[in-house]
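Summary of the model geometry
For reference, the chains in residue letters:
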Amino acid sequence: PGLTVNVRAQGSRVIGTSANLNDDGNSLFGNVAEDAAFGPQLVTVKIGANDFVSGTAAQYRTNLTGWISALKAARPGVKIAWSPPLPYNPTGAPH
């Protein structure tokens, strides 16, 4: 009772960087204003391994925390739940 669930599935987005903020590109940063306009109380995000391998661990952390900050600035009070990517195996050998 009193709970509304809206699903806005977006596939194949990368995290992006602060340079992509609201550029309407294929990144989480590029769609902050659009996503916030839906008025979510909770945003869930499944981060893929392609986001992690496109830079260093420090860049990944900077971009992810930057996106979280940008979304919270655009939608104060929003809660964010995210699933980190599976471990990356650069050798391609079986685990």
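The written sequence of each chain sets the order in which its residues are numbered from 1. In keeping with the predicted nature of the model, local features appear solely for residues at pLDDT of at least 70, side-chain atom pairs appear and are counted solely at 80 or more, and the whole-chain, interface and lining totals rest on all residues. Heavy atoms throughout the structure, all of them, feed into the side-chain values; hydrogens and water do not.

Observations concerning the side chain of Asn31
The criterion, for reference: Secondary structure elements follow DSSP: runs of H or I no shorter than four residues count as helices, runs of E no shorter than two count as strands, and numbering proceeds from the N terminus. Residue contacts are counted whenever heavy atoms from the two residues lie within 4.5 Å of one another.
Inspection of the secondary structure assignment puts Asn31 in the segment before helix H1 (32–37). Every residue in contact with Asn31, bar those within four places of it in the chain, is listed here: Arg13, Asn22, Asp24 and Gly25.

With respect to the confidence of the model for the protein
The test is simple: On a range of 0 to 100, pLDDT expresses the predictor's confidence in each residue.
Residues with a pLDDT of 70 or more make up 83% of the protein, whose mean pLDDT is 83. Least confident of the elements in the protein is helix H2 (residues 49–52), whose mean pLDDT is 64; most confident is H1, at 92.

Topic: the nonpolar core
To be explicit about the condition: Here, the term nonpolar core denotes a set of buried Ala, Val, Leu, Ile, Met, Phe, Trp, Tyr and Cys residues that are joined through side-chain atoms within 4.5 Å. The cut-offs for exposure are 20% and 50% of the maximum accessible area for each residue type, with area from a 1.4 Å probe on protein chains only; residues under the lower value are buried, those over the upper are exposed, and the others partly exposed.
Ranked by size, the top nonpolar core spans 16 residues in total, and within it Ile15, Ile47, Leu64, Trp67 and Leu71 carry the most contacts. Those elements that place two or more of their residues in this core are H1, strand S1 (42–46) and helix H3 (57–74). With six residues, the top contributor of residues to this core is H3.

With respect to the side chain of Ser27
Secondary-structure assignment places Ser27 in the segment before H1. Classification of Ser27 by relative accessible area gives buried; the value is 4%. Beyond its immediate chain neighbours, meaning those up to four positions away, Ser27 contacts Arg13, Val14, Ile15, Gly16 and Asn20.

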